[in-house]
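Observations on the model geometry
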Amino acid sequence: MREVKIEWFGHSCFRVTKDGYAVVFDPYEDNNVPGLTLKQLEADEVLASHEHGDHNAREKVNIRKESRENPFQITRLDSFHDDCHGEKRGTNIMTLLESEGLRIAHLGDIGCMPSSEQKQLLTDLDAVMVPVGGFFTMEPDQIRVLLEELKPNVVIPMHYRSNTFGYDVIGTLDGFLKEEDPVKRYDTNTIVISPDMERQTAILACPEQKA
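These remarks concern the structure in this document. (Residues numbered from 1 in each chain as written. Predicted model: local features only at pLDDT ≥ 70, side-chain atom pairs only at ≥ 80, totals over all residues. Heavy atoms only, no water.)

Here we look at the pairing of strand S10 (residues 127–131)
Here S10 lies mainly inside the structure; five of its five residues are buried. Burial of the side chains of S10 extends over both faces: Ala 127, Met 129 and Pro 131 are buried on one face and Val 128 and Val 130 on the other. Pairing between strand S9 (residues 102–106) and S10: three bridges, direction parallel. When the sheet's bridge partners are listed, His 106 is paired in S10 with Met 129. Viewed along the sheet, the connection from S9 through helix H1 (residues 116–122) into S10 turns out right-handed. Pairing of S10 with strand S11 (residues 154–158), which is carried by five bridges, proceeds in the parallel orientation. From the neighbouring strand, Val 130 faces S11, where its bridge partner is Pro 157. In terms of handedness, the path from S10 via helix H2 (residues 140–150) over to S11 forms a crossover that is right-handed. (Buried < 20%, exposed > 50% of the residue type's maximum accessible area, 1.4 Å probe, protein only. Helix = DSSP H or I, 4+ residues; strand = E, 2+ residues; numbered from the N terminus. Pairing = 2+ DSSP bridges. Right-handed = clockwise from strand over helix to strand, strands pointing away.)

Pasting the structure below:
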């Protein structure tokens, strides 16, 4: 089936599932991201964009014992967590998942523009998970420039602050969203990506807020 399910668990943590095979991106440690607690997740694979505690808590993911066929071709693209070749915050890995013509990317804590070759690989994605809060990553206006070049069909914002969760130093969605955006707000943390989806910025609900 040419569908990919994407679930958001707050901050930059997602689970991407196709044909029963699940990949978790960037799980975060307990007591790390203000206002958020990550429940124990189940998946077949876990990928961390870099080794900071709000992205590399692999122990929060139970890896299934039974073997499943991986439907994804996975491409890992090396980048930096800042705009000075990693001198401030180190490296970052962007990840591209491809299956049956569907192309999904998680950009991690990208801090600088991808190379021309990387941009070519990331052009015309079906969906991209992208940080929009700035400060630790590219700023929202820079992210917009990148997205205008890449032309993804569905943009899923991550790594931002709301009234109830997120680091104080990063921005809210307001700094990224513009009035002309085709914004669609979901009352769930889940979106199903298919080839015929309407172009949109998808704001997913965050289910893992602390009481």
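Picking up after the structure, the text goes on.
Topic: the side chain of Thr 17
Residue position: Thr 17 is located in strand S2 (residues 14–18). Setting aside anything within four residues of it in sequence, one finds Thr 17 in contact with Glu 3, Val 4, Lys 5, Glu 7, Ala 22 and Phe 72. (Contact = heavy atoms within 4.5 Å.)

Some remarks on the sheet that holds strand S1 (residues 4–8)
The mixed open sheet is built from five strands, whose spatial order is S5-S3-S2-S1-S13. Every other strand in the sheet has two partners, leaving strand S5 (45–47) and strand S13 (190–193) as the edge strands with one partner each. Neighbouring strand axes in the sheet, compared pairwise and without regard to direction, differ in orientation by 20° on average. In the sheet, S2 pairs with strand S3 (residues 21–25) via five bridges, with the strands oriented antiparallel. (Axes fitted to C-alpha atoms, helices over the stretch in contact; angles between N-to-C directions.)

Observations regarding the packing of aromatic side chains
Counted according to the given criterion, the structure contains five aromatic pairs. With centroids separated by 6.1 Å and ring planes inclined at 80°, the aromatic side chains of Phe 136 and Tyr 167 adopt a geometry described as edge-to-face. In this pair, Phe 136 is assigned in the loop between S10 and H2 and Tyr 167 in the loop between S11 and strand S12 (183–185), connecting sequence segments 31 residues apart. Site record: aromatic cluster; members linked through ring pairs are Trp 8, Phe 14, Tyr 160 and Phe 165. Here the guanidinium or amino end of Arg 144 rests over the ring plane of Phe 176, the centre of that ring lying 5.1 Å away. (Phe/Tyr/Trp six-rings, centres within 6.5 Å; stacked < 30°, edge-to-face > 60°. Lys NZ or Arg CZ within 6 Å of the ring centre and 35° of its normal.)

Details of the nonpolar core
One recurring pattern in soluble globular proteins: nonpolar side chains tend to sit buried together. Ranked by internal contacts, the top residues of the largest apolar core, which has 62 residues, are Ile 6, Leu 107, Ile 156 and Ile 191. With five residues, the top contributor of residues to this core is S3. Excluding residues within four positions of it along the chain, Leu 107 makes contact with Asn 92, Ile 93, Met 94, Leu 122, Val 128, Met 129, Val 130, Pro 131, Leu 146 and Met 158. (Core = buried A, V, L, I, M, F, W, Y, C linked by side-chain atoms within 4.5 Å.)

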